[in-house]
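Letter by letter, the chains look like this.
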Amino acid sequence: MLFVFLFLPLGIDSVYFTEHYFDGRQITNILVILYFFFFFLSADSYLRKLMFVMIFLSYLGEIIFCTLLEMYHYRTSVIPLYVTFGHAIVYASGYVFAHTEWAVKNDNLLRKYFASGFLILFLSVGFFLQDILSLIFGVFFFLLLKRKKWQNLYYFIAVCVIFIELVGTCLQCWKWVPKIFELIPAVNPPIGAVFIYARGDVILSKIVDHWKLKVISASY
């Protein structure tokens, strides 16, 4: 559902749509927020907490990586409203995929395929496309996964991130700079961006788990 739905709102916010028709960003904002709330209402209580906190956490991430560090920029100088809700949708989609019956049943097998697949992917973009940022972030990604006992959750989220990054940059909704900090070569988009999400998930989980403990303690 994620893969089909997000083509429409991102297409409406694309450079092509804007140049040939009109600026459809407000329509995109409405579509993504509506999708978010339908997703939110169908989720269990824990995932709802994750999605809710993710909105604010992703906004902070946008301020840091887009506004302050200028690692990428959007079609306009303003960070679109739909982006923070979109981050929550992408994260929640990976979470749902990771907890499907099929994924749980094939957990060990998927870890092997994911590990080898992402290793090949990071090395390929680094060697053939000179995407040094992805090589660096790829190392951090695997170090984080090792700490988290190679949970497939992070791989599923990463797959969703790669999809949305490819679609968004292809439609020119946003663009990564060719040299991060005017020093580190990167392609548009850098596959290593998955590390930012993975690191954000660690922070997100800690916030929600702390929230859950406070609710439980307050009930006694």
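Our subject is the structure listed above.
Note that the structure is a prediction, hence the values are computed from the model and not measured.

Undergrad: Explanation requested: the overall build of the chain in the structure shown.
TA: When helices and strands are counted, the chain shows 11 helices and four strands. Taking the principal axes of the C-alpha coordinates as reference, the chain spans close to 55 × 40 × 35 Å. Buried residues in the chain amount to 48% of all 220 residues. A total accessible area of about 12100 Å² is found for the chain, and carbon and sulfur atoms account for 71% of it. Looking at charge distribution, the chain has the averaged site of its 17 positive side-chain charges lying 11 Å from that of its 13 negative ones.

Undergrad: Please explain the packing of aromatic side chains as it appears in this structure.
TA: To describe a pair of aromatic rings, one takes the distance between the centres and the angle between the planes. Under the defined criterion, the tally for this structure stands at 26 aromatic pairs. Seen in terms of ring centroids, phenylalanine 122 and phenylalanine 142 are 5.9 Å apart; in terms of plane orientation they differ by 80°. Their pairing is edge-to-face. Of this pair, phenylalanine 122 sits in helix H8 (residues 107-128) while phenylalanine 142 sits in helix H9 (residues 132-147), and the two are 20 residues apart along the sequence. We classify phenylalanine 122 as buried; its relative accessible area is 3%. Taking the centre distance of 5.6 Å and the plane angle of 35° together, the rings of phenylalanine 140 and phenylalanine 195 count as tilted. Placement of the pair is phenylalanine 140 in helix H9 and phenylalanine 195 in helix H11 (residues 194-218), with a sequence separation of 55 residues. Given the relative accessible area of 39%, phenylalanine 140 is considered partly exposed.

Undergrad: How do you make sense of a nonpolar patch on the surface when you look at a structure like this?
TA: Where nonpolar side chains cluster on the molecular surface, the patch consists of Leu60, Ile64, Leu68, Leu69, Phe181 and Leu183 and spans about 600 Å² of accessible area. Considering the arrangement of structural elements, one finds leucine 69 in the loop between helix H5 (45-68) and strand E1 (72-74).

Undergrad: How should unusual backbone geometry be read in this particular structure?
TA: Leaving glycine out, the prevailing phi sign among residues is negative, and the prevailing peptide bond configuration is trans. Following asparagine 188, the chain continues into proline 189 via a peptide bond in cis, with omega recorded as 5°. One can find proline 189 in the loop between strand E4 (184-185) and H11. Positive phi is not limited to glycine here, since glutamine 130 has a value of about 60°. With phi around 55°, phenylalanine 181 is a residue other than glycine that occupies positive phi space. You can see phenylalanine 181 is positioned in the loop between strand E3 (179-180) and E4.

Undergrad: Even after reading the chapter, I still don't get the side chain of threonine 28, so can you show me in this structure?
TA: By the secondary structure assignment, threonine 28 is in helix H4 (residues 25-42). Not counting residues up to four positions away in its chain, the partners in contact with threonine 28 are Pro9, Ile12, Asp13 and Tyr82.

Undergrad: Explanation requested: the nonpolar core in the structure shown.
TA: When a protein is soluble and globular, its nonpolar side chains tend to lie buried together. In this structure, Leu47, Phe118, Phe141, Trp174, Ile180 and Leu204 are the most contacted members of the largest nonpolar core, which totals 70 residues. Here this core gets 12 residues from one element, more than from any other, and that element is helix H10 (residues 152-170). In contact with phenylalanine 118, not counting residues within four places along its chain, are Phe141, Phe142, Tyr155, Ala158, Val159 and Ile162.

Undergrad: Even after reading the chapter, I still don't get H10, so can you show me in this structure?
TA: Structurally, the α-helix is built with 3.6 residues per turn, so residues lying three or four positions apart point the same way. Along its 19 residues, H10 runs 27 Å from first to last C-alpha, staying within 8% of the 27 Å computed at 1.5 Å per residue. Most of H10 sits inside the fold, with 16 of its 19 residues counted as buried.

Undergrad: Mind showing me how you'd approach the packing of helix H6 (residues 81-98) against H10 here?
TA: Any two packed helices are characterised by the angle at which their axes cross and by the distance between the axes. The contact between H6 and H10 brings their axes to 8 Å, and the two run at 135°. In terms of axis orientation, H6 runs oblique to H10. Remark: the crossing between H6 and H10 carries right-handed chirality. Residue-level inspection shows Val90, Tyr91, Ser93, Gly94, Tyr95, Phe97 and Ala98 of H6 in contact with H10, the latter providing Leu153, Phe156, Ile157, Cys160, Val161 and Ile164.

Thresholds, definitions, all that
Residues numbered from 1 in each chain as written. Predicted model: local features only at pLDDT ≥ 70, side-chain atom pairs only at ≥ 80, totals over all residues. Heavy atoms only, no water. Helix = DSSP H or I, 4+ residues; strand = E, 2+ residues; numbered from the N terminus. Buried < 20%, exposed > 50% of the residue type's maximum accessible area, 1.4 Å probe, protein only. Areas by Shrake-Rupley, 256 points an atom, 1.4 Å probe, with all protein chains shown as cover. Lys, Arg positive; Asp, Glu negative; His and termini not counted. Charge placed at Lys NZ, Arg CZ, Asp CG, Glu CD. Phe/Tyr/Trp six-rings, centres within 6.5 Å; stacked < 30°, edge-to-face > 60°. Patch = residues over 30% accessible without salt bridge, like charges linked within 9 Å, V, L, I, M, F, W, Y side chains within 5 Å. Salt bridge = Lys/Arg side-chain N within 4 Å of Asp/Glu carboxyl O. Contact = heavy atoms within 4.5 Å. Core = buried A, V, L, I, M, F, W, Y, C linked by side-chain atoms within 4.5 Å. Expected span 1.5 Å × (residues − 1). Axes fitted to C-alpha atoms, helices over the stretch in contact; angles between N-to-C directions. Parallel < 35°, antiparallel > 145°, perpendicular 65-115°, else oblique. Left-handed = near helix turned anticlockwise from the far one by under 90°.

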